[in-house]
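# Observations on chain architecture
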Amino acid sequence: LLLAGCAVKPKTAVTKSPVIGFSQSGTESSWRKFHTKSIRTELKRDNYEVMYRNGYQNQERQIQDVRTFIAYQVDLIILAPLTEHGWEPVLKEAKKAKIPVVVVDRHLEVNDQSLYLTHISSSFKAEGQRAGLYVTNHFAKSKQRQIKILELNGTADASAAKLRQEGFADTIGRDPRAHITATINGDFTRAKGEEVMADYIKNHDLSQIDVLFSHSDEMTLGALKAIKQTKIRPGKDLIIVTVDAQENMIRKLQVGEVNCVVECNPDAGWYVVNALNRYFAGQQVPHEIYMPETTFSESNADKVPTRNY
Ligand code: GZL
């Protein structure tokens with residue numbers, strides 16, 4: 001090992017950091033952007049190498065991204081599925097290539113649960129229940145005989161939308177006065193939220209509606225723009241309940257423009273890296289990991305922790 005008069009240090013076996021393919025569904029909200037940032041920051045902190053792909057809210061594109069990860073033979077795939085169905089084929093290809101898949105955020109529907117290692121997300125049904133609870137509590141002492149609710153839904157076939165709707169319906173169903181009189185779909189985006197709300201206002205009398213339940217803050221921000229073109233005072237004439245707890249929505253809660261903000265916690269990074277570290281250390285990983293979250297309303301609007309998103 002003596003070359004040209006100097007000893008060449010024997011190469012120590014450098015363990016290669018695992019390479020992680022991360023397929024994110026899109027960048028449609030501050031919530032989503034922070035969800036991505038939280039996971040990538042923690043992966044970097046623990047020296048994982050990351051191949052990140054943005055699916056631009058297109059499932060076909062996400063499936064191609066996962067195929068790219070398989071071709072690169074990454075050590076593990078993190079997938080934030082846009083919608084619930086249509087993932088079996090590509091998950092079977094990953095399994096055949098012996099690449100584990102960690103599902104984050106929304107659910108995906110598979111018959112064979114071994115197609116993914118774990119699912120790390122929020123309980124969207126509980127978020128819907130909390131939204132419904134706020135509504136029934138708000139009208140508990142009211143003599144109003146009817147509580148008419150307009151629901152602004154997120155992306156069709158997205159578990160976040162389906163389960164929020166299910167949880168909300170569960171809870172308001174306990175008050176015989178409460179009814180969802182109309183449902184409009186804003187696809188979890190601000191632009192679509194504004195468009196479908198403006199369309200609803202054009203064809204209906206919004207003053208007949210008591211409550212707007214919106215599945216995400218981005219859609220609520222769009223809907224508020226349309227509502228402000230009318231005489232209806234958001235947060236006063238129209239009770240507004242929304243989900244995510246983005247900083248921009250907390251500010252609206254604090255000035256009384258909305259009444260209840262159900263938190264959906266995007267800070268998944270620590271939970272994801274903890275699961276990866278356990279997997280690569282050969283330890284057990286639970287099949288479902290739920291993130292902690294809460295609800296904000298006028299009662300605690302002045303005590304909301306900094307949102308970071
Ligand atoms: C929920 C997530 C939803 C957020 C929206 O976990 O899937 O998608 O509530 C985002 O901000 O569009």
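Residues numbered from 1 in each chain as written. Predicted model: local features only at pLDDT ≥ 70, side-chain atom pairs only at ≥ 80, totals over all residues. Heavy atoms only, no water.

## Overview of the sheet that holds strand β14 (residues 295-297)
The test is simple: At least two DSSP bridges between two strands are needed for those strands to be called paired. Helix and strand definitions follow DSSP, with helices as H or I runs of at least four residues and strands as E runs of at least two, each counted in order from the N terminus. Only C-alpha atoms enter the line fits that serve as axes; for helices the fit covers just the stretch in contact. Angles between N-to-C directions range over 0 to 180 degrees.
Spatially, β9-β8-β10-β11-β12-β14 is the arrangement adopted by the 6 strands of the open sheet, whose pairing is mixed. Strands with a single pairing partner mark the edges of an open sheet, and in this sheet they are β9 (178-185) and β14. With direction set aside, neighbouring strand axes in the sheet form an average angle of 20 degrees.

## Details of unusual backbone geometry
Positive phi values are uncommon outside glycine, yet Q73 reaches one of about 55 degrees. With respect to the element layout, Q73 can be found in the loop between α2 (59-71) and β5 (76-79). Of note, the phi angle at F188 is positive, near 65 degrees, even though the residue is not glycine. Mapped onto the elements, F188 comes out in the loop between β9 and α6 (190-203).

## Overview of the domain arrangement of the protein chain
The following threshold applies: Note that the domain bounds were set by an automatic or database domain assignment. Whether two residues are in contact is decided by their heavy atoms: any pair within 4.5 Å suffices. The buried area of a pairing is the accessible area, by a 1.4 Å probe, that goes missing from both parts when the two are put together, added over both. Take a side-chain nitrogen of Lys or Arg and a carboxyl oxygen of Asp or Glu: if they are within 4 Å of each other, that pair is a salt bridge. Under the rule applied, a polar contact is a pair of N or O atoms within 3.5 Å (in protein, one hydrogen donor and one hydrogen acceptor; residues adjacent in sequence only if both atoms are side-chain atoms). Each residue receives one of three labels: charged for Asp, Glu, Lys and Arg, nonpolar for Ala, Val, Leu, Ile, Met, Phe, Trp, Tyr, Cys and Pro, and polar for the others, Gly being one of them.
The domain architecture assigned to the protein chain consists of domain 1 (5-122 + 265-292) and domain 2 (124-264). For domain 1 and domain 2, the distance between their C-alpha centres works out to 32 Å. At the junction of the two partners, domain 1 supplies 16 residues and domain 2 supplies 19 residues. Interface area for domain 1 against domain 2, summed over the two sides, is near 1,300 Å², with a carbon-plus-sulfur share of 50%. In terms of surface lost to domain 2, no three residues of domain 1 exceed W31, R106 and S122, which account for 32% of the buried area on that side. Our enumeration of links across domain 1 and domain 2 arrives at 1 salt bridge. With a shortest N-O distance of 2.9 Å, K162 and E84 are connected by a salt bridge. Joining domain 1 to domain 2, the criterion identifies 9 residue pairs in polar contact (both at pLDDT 80 or more). Taken together, the residues of the side of domain 1 that touches domain 2 break down into 3 nonpolar, 9 polar and 4 charged.

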